[in-house]
Structure formats: C-alpha cells, structure tokens
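Spelled out, the chains give:
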Amino acid sequence: MRMVGLTGGIGSGKSTVSNLFKSHGIPVVDADVVARDVLKKGTGGWKKVVAAFGPDILLPDGEVDRPKLGRIVFSDPEKRQLLNRLLAPYISSGILKEVLKLWLKGCKIIVLDVPLLFEAKMDKWTKPIVVVWVDPETQLKRLMARDGTTEDDAASRINAQMSLDLKRTKADFVIDNTGSLAELNEEFQKVLLQVTKPLTWTEFALSR
Ligand code: ATP
C-alpha cells in the first residue's frame, strides 16, 4: 500500500487538497480528526492533559475547553511542547489504527493528511510527500478571512510553525496554492497523475 504524505502550513489549503483526493476516490486519514479524538473525555490523552494542565482547562461537561487550551499553548512555547509530547504517542497510534483499517479493506493508495508531518517525524512513513505551499501574504489573508481573527493573531499562529519554505524543500511534489481554486485544481491534477503512477521496480527499491 502506498501512503502519500500531505502537509503544508496553517491555512495553506491542505483540507481543500484533501477534499480533492477524496473526490477522486482516494481515502484520506486526517490527523486533525485523530487529534480531536485523542482529547475526548475519559481517553488516555485526556487524562494526561488534565493531569498536566489541571481541571481548569475543562468545560462543565468534562470535555477539554479546546479554545482555552489553544490560547495557553500558543502563548507559551514550553507548554506547547509539553502538549505535543503528551499527545504525540496517542496521535501516531490513532493514525496507524486508521491506516490498518484501510489496508485491511484492500486500499492500494491512501493519503495521510498531517499538518505536522515533518515536525512529528511522520515523513518517514510516507512516500511521496506533497506540500501545499502558498505565499506568506495570501496565507495571512486567507487565515484571517477563514477564522475571523486579527492580523497579529493569524501571524503568530503562522510563525509558531515550521516555515512553508522549509517544508517545500522536503517535498517530492509542491502544490502552489497562491492562485484561484481553478488553478489549484490544475496543479492538483498534475500531482494526482504522479502519485497514482505505478512505481517501477527501481523506483520502488530506491523509495525506502
Ligand atoms: P488548517 O491547517 O488551518 O486546517 P488548511 O491548510 O487545511 O488549514 P484550508 O482550510 O484548506 O487550509 O484553506 C484555508 C482557507 O483558504 C479556507 O477558507 C479555504 O476555503 C481557502 N482557500 C484554500 N485554497 C484557496 C484558493 N485557491 N483560493 C481561495 N481560497 C482558498
């Protein structure tokens, strides 16, 4: 089974590209969905987070107050690292569980949509790697429009991540999403052809 890695920066267009893969019948494992599941009340991840951050980060119904936790970790890099460290093992095993389900169904190609593919060192699991890139100005504008946030807030969330220019150097394929949605679709079609192309024996041998 081929596991294609899909990544990019906040607001660069990963979800939009992920939907294009799905509309072409290619299943996508979404790390954000897994990350939400591992924080659900009563799970192992939830217990670790409550133990580390205290019951103040809980809502009255016992679920984690995600916006509050987000504000805490975005303003403090050490706390952000702590949260990443606590949840990383649950997220990787959750992703592997989803991959296994698709493998058992006989899927030949799947996409792993992981915003922190490089940071979490999951790039080793995937080949090829597709990075959705956008220029910094457009990224900022789209993020502000989508989330209704201020320029400062959007910029600090972008700056908290590995730069998109660095990510693009680690990609096998770069999708430039600076243009319109129609242009994105054109870029996507080219990459789709490449990632679904059968590997030759030589490429297979050299890909690991
Ligand atoms: P996140 O990591 O924050 O989940 P993302 O990388 O998944 O972000 P998207 O949600 O796909 O990014 O895109 C960010 C915003 O930009 C969305 O509102 C989306 O509709 C819009 N968008 C994406 N691509 C384009 C485009 N080519 N033209 C105009 N708007 C776009």
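Residues numbered from 1 in each chain as written. Predicted model: local features only at pLDDT ≥ 70, side-chain atom pairs only at ≥ 80, totals over all residues. Heavy atoms only, no water.

K.L.:
Before we go on, may I ask you to explain the site of the ligand in this structure?
P.N.:
If you check the shell around the ligand, you find 14 residues, and the closest are Lys14, Ser15, Thr16, Arg146 and Asn177. Contact between the ligand and Thr16: an oxygen atom at 2.6 Å from a side-chain N or O atom of the residue. One of the side-chain N or O atoms of Asn177 is found 2.8 Å from a nitrogen atom in the ligand. Taken by itself the ligand offers 630 Å² of open surface, and the protein chains cover 75% of this. Mapped by element, the contributors of at least two residues to the shell around the ligand are helix H1 (14–23) and helix H6 (136–147). (Near = heavy atom within 4 Å. Polar contact = N/O pair within 3.5 Å; in protein donor to acceptor, adjacent residues only side chain to side chain. Areas by Shrake-Rupley, 256 points an atom, 1.4 Å probe, with all protein chains shown as cover. Helix = DSSP H or I, 4+ residues; strand = E, 2+ residues; numbered from the N terminus.)

K.L.:
Help me understand helix H4 (residues 66–74), please; the structure alone is not making it clear to me.
P.N.:
An α-helical segment advances 3.6 residues per turn. Residues three or four places apart therefore align on the same side. Taken as a whole, H4 has its buried residues at Leu69, Gly70 and Val73. Along the axis of H4, the buried residues cluster in a sector spanning 105°; they form a single face. For H4, the exposed residues set more than 90 degrees away from the buried face come down to Pro67 and Arg71. Considering only its buried residues, H4 is in contact with helix H3 (44–53) and helix H5 (77–104). (Buried < 20%, exposed > 50% of the residue type's maximum accessible area, 1.4 Å probe, protein only. Arc of directions from axis to C-beta. Contact = heavy atoms within 4.5 Å.)

K.L.:
Where do I start with the nonpolar core in this structure?
P.N.:
When a protein is soluble and globular, its nonpolar side chains tend to lie buried together. Ranked by size, the top nonpolar core spans 33 residues in total, and within it Val49, Phe53, Leu69, Ile95 and Leu112 carry the most contacts. When contributions to this core are tallied by element, the ones reaching two or more residues are helix H2 (31–37), H3, H4, H5, strand S3 (109–113) and strand S4 (129–133). A per-element tally of this core places H5 first, with seven residues. Shared between two domains, this core takes at least three residues from each, and those domains are domain 1 (1–27 + 109–208) and domain 2 (31–106). Grouped together as the second largest cluster of nonpolar side chains are 17 residues, Val4, Leu6, Leu20 and Ile175 included. (Core = buried A, V, L, I, M, F, W, Y, C linked by side-chain atoms within 4.5 Å. Domains from an automatic or database assignment.)

K.L.:
I'm lost on unusual backbone geometry in this one. Help?
P.N.:
For residues besides glycine, phi is generally negative; the peptide bonds are generally trans as well. In this structure, the amide linkage connecting Lys127 to the following residue, Pro128, adopts the cis form with an omega of -5°. For Pro128, the position within the fold is in the loop between S3 and S4. One non-glycine residue with positive phi stands out, namely Lys121, at about 60°. Mapped onto the elements of the fold, Lys121 is located in the loop between S3 and S4. Classification of Lys121 as exposed rests on a relative accessible area of 53%.

K.L.:
Just checking my understanding: could you explain the pattern of salt bridges for this structure?
P.N.:
Pairing between side chains of opposite charge can happen when their charged atoms approach one another. Per the stated rule, a full pass over the model turns up ten salt bridges. One network of salt bridges, in which partners are shared, links Arg146, Asp147, Asp153 and Arg157. (Salt bridge = Lys/Arg side-chain N within 4 Å of Asp/Glu carboxyl O.)

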